[in-house]
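Report on the structure
Each chain is listed here by its residues.
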Amino acid sequence: MPQNPERIVDHVDLFKQPEYKQLFENKRKEFEGAHSAEEVERVAEWTKSWEYREKNFAREALTVNPAKGCQPLGAMFAALGFEGTLPFVQGSQGCVAYFRTHLSRHYKEPCSAVSSSMTEDAAVFGGLNNMIEGLQVSYQLYKPKMIAVCTTCMAEVIGDDLGAFITNAKNAGSVPQDLPVPFAHTPSFVGSHTTGYDNMMRGILSSLTEGKKGKANGKVNFIPGFDTYVGNNRELKRILGLMGIDYTILSDTSDYFDSPNTGEYEMYPGGTKLEDAADAINGKATVALQAYTTAKTREYIAKSWNQEAKVLRPFGVKGTDEFLMALSELTGKAIPEELEIERGRLVDAITDSYAWLHGKKFAIYGDPDLIISVTSFLLEVGAEPVHILCNNGDGEFKQELQAILDASPFGKEATIWLGKDLWHFRSLLFTEPVDFFVGNSYGKYLWRDTKIPMVRIGYPLFDRHHLHRYATLGYQGGINLLTWVVNTLLDEIDRNTNITGKTDISFDLIR
Ligand code: SF4
């Protein structure tokens, strides 16, 4: 049917037209060899059963929707929080296109990173020439202050030696000798984006601080970890400002991934100044806001900088209390009244919503540190975790989380699943349903299947706008988390009670 350019039909309406319906039906029959609708329905129902759950959990050789990303994605994220930094990925172009679009789709912001575009010849002879040419072109075209190099699986499988390659490239004159070119090996067949973040953060800090040990600067360093809420770094800075604490954030992606539209394109907005990062070695202490994205970095800081490197999680009432008290103890600065008032507001907000949350059963999946912070907060408001699924968590994470669950009267029913994917999560939701679940945008397919209300918290969030702009840490962040959860439940009650004269007994104006 010819289209009228004055009246372009949206695809939703377009594909309802008879010719498209016929086309889809033909495709199903002729090319896909599809089973009958009844058979599809029968198998779909069976996949909701306990019998299928047991088969699903016996699965070993296949991962379906893994709930984690590749190492270089996390490495790029860590690098982009430093001033003027261009991530350079030694490996195949397709991988890098995926990392860039993944971050761009979440933030609705451009994400600059280059790839050395290794192809078959590099796979056979090694990627040294790609590195020499790639660094030269990147430096000349994009004028970065630092190029942070990581790898994809391809470069790792053939065994490219980044340290030697970068030295060779500098000797060949690709980039100036004094240009910082830190690197991290980031093979995606082990670990996840959280490991990649840690590897790159350690690589950058060790490169920038080499030979910089000097006079103590009295500052506290903060490592946010793979935290994709730009509001969190801003909230952290506000809290530190209120307390009068001098700090360096390693690294700060908040301006890069939330840059203003001024009409001028800026390739490297914001970021931690390289000189501040180099001086971090002379700081008073380092505080990581996540544990499992910073393990190697903290170990490096403790050993090489001879600096205390602790984990503090400023999430929920208890977490934020502990965070502020620890900062006060570390710096000798008092906790200002303004923060005490904010605490009172969060406690008040929890009291307002408690009746709707107490005893509500939930499931959650995501990165280890996100799970710990969100689950701790939900336990504080009386919600009860049932399924906790973490593909990229390890034994230490399980132990820490189990201790949190054991310490709460609401954590008794929870099971922690490590190394499982979202298809496992689906079986859990069907066989042991919950009142709501928490996850990233990939969970919307589970929401559609199971009809269980979903709260979008985590990364990536592709299908809702602006959630990443909010803070989730501190007392203010607690109010945001509370708002998202309680209103999801109230929306669901409205949805279930909205038939006039039939189910609207509880379709209330006031909740
Ligand atoms: S798993 Fe390896 S090859 Fe695949 S996208 Fe990630 S880095 Fe590239």
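Under an unreviewed UniProt entry, the name given to the protein chain is Nitrogenase molybdenum-iron protein beta chain, and the organism recorded is Richelia sinica FACHB-800. Comment text from UniProt for the protein chain, heading Function (unreviewed entry), reads "This molybdenum-iron protein is part of the nitrogenase complex that catalyzes the key enzymatic reactions in nitrogen fixation." Listed in UniProt under the heading Subunit (unreviewed entry), the comment for the protein chain reads: "Tetramer of two alpha and two beta chains. Forms complex with the iron protein (nitrogenase component 2)."

Glancing now at the pairing of strand β3 (residues 146–151). Most of β3 sits inside the fold, with six of its six residues counted as buried. Side-chain alternation along β3 places Met 146, Ala 148 and Cys 150 on one buried face and Ile 147, Val 149 and Thr 151 on a second face that is also buried. Relative to β3, strand β1 (residues 85–90) is paired through six bridges, and the arrangement is parallel. Across the sheet, residue Leu 86 finds its bridge partner in β3, namely Ile 147.

Close to the ligand lie Cys 70, Pro 72, Cys 95, Tyr 98, Thr 152, Cys 153 and Ser 188. The residue makeup of the shell around the ligand, split by class, is five nonpolar, two polar and no charged.

This part takes up the UniProt feature "domain: Nitrogenase/oxidoreductase component" (unreviewed entry) in the protein chain. When the UniProt feature table is mapped to this numbering, "domain: Nitrogenase/oxidoreductase component" (unreviewed entry) covers residues 70–489. From the first C-alpha to the last, residues 70–489 spans 33 Å; its make-up is 49% helix and 12% strand.

Relative orientation of the contacting elements helix α12 (residues 230–243) and helix α21 (residues 474–496) amounts to 145°, with a least axis distance of 9 Å. The segment α12 lies against α21, with Asn 232, Glu 235 and Ile 239 engaging Gly 474, Gln 476 and Gly 477. Its residues placed into classes, the contact of α12 with α21 shows one nonpolar, four polar and one charged.

Pairing is parallel across the open sheet formed by five strands, whose spatial order is β10-β9-β8-β11-β12. Each edge of the open sheet is held by one strand with a lone partner, namely β10 (415–418) and β12 (454–456). Direction aside, neighbouring strands of the sheet carry axes that sit 15° apart on average. Of the pairings in the sheet, the one linking strand β9 (residues 384–390) to β10 comprises four bridges and is parallel in character.

With that settled, consider helix α16 (residues 337–357). Side chains of residues three or four places apart in an α-helix project in the same direction, reflecting 3.6 residues per turn. Between its first and last C-alpha atoms α16 spans 29 Å; for 21 residues at 1.5 Å apiece the expected length is 30 Å, and the two agree. Residue Thr 351 marks the point of greatest curvature in α16, where the axis turns by about 35°. Where α16 is buried, its residues touch α12, α15 (316–331) and α21. Positive backbone phi, at 80°, marks Gly 359, one or two positions downstream of α16.

If you walk across this open sheet you meet the four strands as β5-β4-β6-β7, and the pairing is parallel. Each end of this open sheet is capped by a strand with a single partner; those strands are β5 (247–249) and β7 (309–311). Averaged over all pairs of adjacent strands, the angle between their axes in this sheet comes to 25°, without regard to strand direction. Bridge analysis of strand β6 (residues 285–288) against β7 gives three bridges, and the strand direction is parallel. Across the sheet, the residue bridging to Val 287 is Lys 310, located in β7. Here helix α14 (residues 295–305) sits on the sheet and contacts β4 (220–223), β6 and β7; the angle it forms with β7, its principal contact strand, is near 145°.

Quick look at the pairing of β1 now. Here β1 lies mainly inside the structure; six of its six residues are buried. Side chains Thr 85, Pro 87 and Val 89 project from β1 onto one buried face, and the interleaved Leu 86, Phe 88 and Gln 90 project onto a second face that is buried too. Examined bridge by bridge, β1 and strand β2 (residues 114–115) share two bridges and lie parallel to one another. Within the sheet, the bridge partner assigned to Val 89 lies in β2 and is Ser 115.

Quick look at the domain arrangement of the protein chain now. Often, the extent of an interface is quoted as the loss of accessible area upon association of its parts. Taken as a whole, the protein chain is organised into domain 1 (71–209), domain 2 (220–337) and domain 3 (350–496). For domain 1 and domain 2, the distance between their C-alpha centroids amounts to 24 Å. The partner domain 2 presents 30 residues to the 28 residues of domain 1 that form the contact. Secondary structure elements with two or more residues in the side of domain 1 that touches domain 2: α5 (71–80), α6 (93–107) and α11 (193–209). Looking at the side of domain 1 that touches domain 2, the element that brings in the most residues is α11, giving 11 residues. The residue inventory of the side of domain 1 that touches domain 2, partitioned by class, reads 12 nonpolar, 11 polar and five charged.

On to α12. Helix length check: α12, at 14 residues, gives a terminal C-alpha distance of 21 Å against a target of 20 Å (1.5 Å per residue), a fit within 8%. Along α12, the positions that sit buried rather than exposed are Val 230, Gly 231, Asn 232, Asn 233, Glu 235, Leu 236 and Ile 239. Structurally, α12 contributes buried residues whose contacts are with β4, β5, α16 and α21. Looking one or two residues past α12, Gly 244 carries a phi angle of roughly 70°, positive in sign.

What follows is about the environment of Gly 332. When you line up the elements, Gly 332 lands in the loop between α15 and α16. Given 8 C-beta atoms within a 10 Å radius, Gly 332 is considered exposed. For Gly 332 and Ile 245, which are 87 residues apart along the polypeptide, the C-alpha to C-alpha distance reads 9.4 Å.

What counts, and at which threshold
Residues numbered from 1 in each chain as written. Predicted model: local features only at pLDDT ≥ 70, side-chain atom pairs only at ≥ 80, totals over all residues. UniProt positions renumbered as here; feature names shortened; annotations may be inferred. Buried ≥ 20, exposed ≤ 12 C-beta atoms within 10 Å, placed from the backbone. Helix = DSSP H or I, 4+ residues; strand = E, 2+ residues; numbered from the N terminus. Pairing = 2+ DSSP bridges. Near = placed C-beta within 6 Å. Nonpolar A, V, L, I, M, F, W, Y, C, P; charged D, E, K, R; others polar. Axes fitted to C-alpha atoms, helices over the stretch in contact; angles between N-to-C directions. Contact = placed C-beta atoms within 7 Å. Expected span 1.5 Å × (residues − 1). Bend = angle between axes of the 7 residues up to and from the residue. Domains from an automatic or database assignment.

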